[in-house]
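Examining the three-dimensional arrangement
Listed below, chain by chain, are the residues.
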Amino acid sequence: TSLYPDKLTDDTGKYVLLPLPYAYDALEPVIDTRTVELHYNFHHKPAVAAANKAEDGLALARETGDFALVKHYEKELALGLSSHILHTIYWTNLSIKGGNPTGPLLKAIEKNFKSFDKFKVHMAAATTSVEGAGWGILGYLPASGKLMVLQCENHQKLTTWGIVPILVLDVWEHAYYLKYQNRRPEYVNNIFNIINWDNVAARFDAATR
Ligand code: MN3
């Protein structure tokens, strides 16, 4: 894991779907096997294809000079690529081992949120109250040197340009509905038990290096 720990593209620049870092059932019982299987194959995977298709469409537009569909492809690219980036972080953010942050990441959380518990309440409240489908995001903004909690609607709205997301919690219904139905707060509360804080710390380390 180096500066940006996620491999989003292959050597030709095409976006690629990495294998999940664990088996479909590895997050049981917090996230059930079927949800992970559906989430990965029918939500993350098509986003990768959509991002590639959008880039192809834009390349063709540049070639032909016909930009009639430019708005369509720019929107598809923002949606597909943001989905690919966030899902790639989400999978690696999770591990059934769970735990708590330590070291420089813990220090930064305490500096920005007073305590880990206060951060957790803030992150859970922001994530639970995302309007519709979206994400709760902990990110680092190099320009201010601060960790921040963000809400993200869909995959691409309400972002803060330049922030480096280091912990992302998926609250699209596909991420929890089979097991939790409308009980989003229960899913959000339980997911804190399976955070891979070593992964979050590696991302924090890379972002602040
Ligand atoms: Mn999702």
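Scope of this entry: the structure provided in the associated data block. Just so we're clear, the structure is a prediction, and the values are computed from it rather than from any experiment.

Criteria and thresholds
- Position labels on residues start from 1 in each chain and follow its written sequence.
- In keeping with the model being predicted, local features are shown solely for residues with a pLDDT of at least 70 and side-chain atom pairs are shown and tallied solely at 80 or more, while totals for entire chains, interfaces and linings include all residues.
- Only hydrogens and water are set aside when side-chain values are computed; all heavy atoms of the structure are taken into account.
- DSSP calls a pair of strands paired once it identifies at least 2 bridges connecting them.
- We count a stretch as a helix when DSSP gives it H or I for four or more residues in a row; a strand needs E for two or more, and each element gets its number in order from the N terminus.
- Angular values range over 0 to 180 degrees, each being the angle between N-to-C directions of two axes fitted as lines to C-alpha atoms, with helices fitted over their stretch in contact.
- Contacts were defined at the residue level, with two residues in contact if any of their heavy atoms lie within 4.5 Å.
- Pairing of aromatic side chains here covers Phe, Tyr and the six-membered ring of Trp, requires ring centres within 6.5 Å, and sorts the geometry by plane angle: under 30 degrees stacked, over 60 edge-to-face, intermediate tilted.
- Burial classes follow relative accessibility: with a 1.4 Å probe on protein chains only, a residue under 20% of its type's maximum area counts as buried, one over 50% as exposed, and anything between as partly exposed.
- In this scheme, a helix's expected span is set at 1.5 Å multiplied by one less than its residue total.
- For this document, the term salt bridge refers to a Lys or Arg side-chain nitrogen within 4 Å of an Asp or Glu carboxyl oxygen.
- Here, nonpolar core means buried Ala, Val, Leu, Ile, Met, Phe, Trp, Tyr and Cys residues that are tied together by side-chain atoms lying within 4.5 Å of each other.
- By the criterion applied in these results, polar contacts are pairs of N or O atoms within 3.5 Å in which, for protein atoms, one can donate a hydrogen and the other can accept it, and in which residues neighboring in sequence qualify only through two side-chain atoms.
- When the near helix sits turned anticlockwise from the far one by under a right angle, the crossing is termed left-handed; a clockwise turn instead gives a right-handed crossing.
- Throughout this entry, Asp, Glu, Lys and Arg are counted as charged residues, while Ala, Val, Leu, Ile, Met, Phe, Trp, Tyr, Cys and Pro are counted as nonpolar. The remaining residues, Gly among them, count as polar.

With that settled, consider the pairing of strand E2 (residues 146-153). When strand E1 (residues 134-141) meets E2, the two strands line up antiparallel, connected through eight bridges. The residue bridging Trp 135 from the neighbouring strand is Cys 152, located in E2. Where E1 folds back onto E2 in an antiparallel hairpin, the turn is made up of four residues, including Gly 145, whose phi is positive at roughly 70 degrees.

Our focus in this paragraph is the sheet that holds E1. Within a sheet, each strand pairs with its neighbour through backbone hydrogen bonds, oriented either parallel or antiparallel. Strand order in this open sheet of three strands is E2-E1-E3, and the pairing throughout is antiparallel. At either end of the open sheet lies a strand with only one pairing partner, and these are E2 and strand E3 (164-170). The mean angle between the axes of side-by-side strands here comes to 20 degrees, regardless of whether they run parallel or antiparallel. Along the sheet face, helix H3 (residues 103-113) touches E1, E2 and E3 and points at about 75 degrees away from the line of E2.

What follows deals with the packing of aromatic side chains. Within the structure shown, the criterion is met by 11 aromatic pairs. Measuring from ring centre to ring centre gives 5.8 Å for Tyr 140 and Phe 204, while their planes differ by 90 degrees; the resulting arrangement is edge-to-face. Pair noted here: Tyr 140 is in strand E1 and Phe 204 is in helix H7 (residues 197-208), with a separation of 64 residues, a long-range link. Comparing Tyr 140 with Phe 204, the two get one shared label, buried.

What follows concerns helix H4 (residues 116-128). A turn of α-helix holds 3.6 residues, and therefore any two residues three or four places apart point the same way. Compared with an ideal rise of 1.5 Å per residue, which puts 13 residues at 18 Å, H4 spans 18 Å between its outermost C-alpha atoms and is within 8% of the ideal. Looking at the buried side of H4, the elements it contacts are H3, E1, E2, E3, helix H6 (184-191) and H7.

A few words now on the pattern of salt bridges. Within this structure, the stated rule accounts for five salt bridges. One salt bridge in this structure joins Arg 203 and Asp 6, with 2.8 Å as the shortest N-O distance. Here the residue Arg 203 occupies a position in helix H7, and Asp 6 occupies one in the segment before helix H1 (33-64), the gap between them amounting to 197 residues. Asp 205 serves as the salt-bridge partner of Arg 209, at 2.5 Å between the closest nitrogen and oxygen. For Asp 205, a relative accessible area of 38% corresponds to the partly exposed category.

In this structure, Ile 31, Tyr 90, Phe 119, Leu 147 and Tyr 187 are the most contacted members of the largest nonpolar core, which totals 50 residues. In contact with Tyr 90, not counting residues within four places along its chain, are Ile 31, His 39, Trp 135, Val 168, Leu 169, Asp 170, Ala 175, Tyr 187 and Ile 191. Within the second largest apolar cluster, eight residues are counted, among which are Tyr 15, Ala 51, Tyr 73 and Leu 77.

Right, let's get into the environment of Asp 205. Mapping Asp 205 onto the fold places it in helix H7. Separated by 39 residues in sequence, Asp 205 and Ile 166 place their C-alpha atoms 9.7 Å apart. A distance of 2.5 Å separates polar atoms of two side chains, one belonging to Asp 205 and the other to Arg 209.

Where H4 meets H6, the axes come as close as 10 Å, and the angle between the chain directions of the two elements is 145 degrees. By crossing handedness, the relation of H4 to H6 is classed as right-handed. Together, Ala 124, Thr 127 and Thr 128 of H4 and Arg 184, Pro 185 and Val 188 of H6 make up the contact between the two elements. Residue composition of the contact of H4 with H6, by class: three nonpolar, two polar and one charged.

What follows is about the pairing of E3. Across the seven residues that make up E3, a large majority, six, are buried. Pairing of E1 with E3, which is carried by six bridges, proceeds in the antiparallel orientation. What sits directly across from Trp 135, in E3, is Asp 170.

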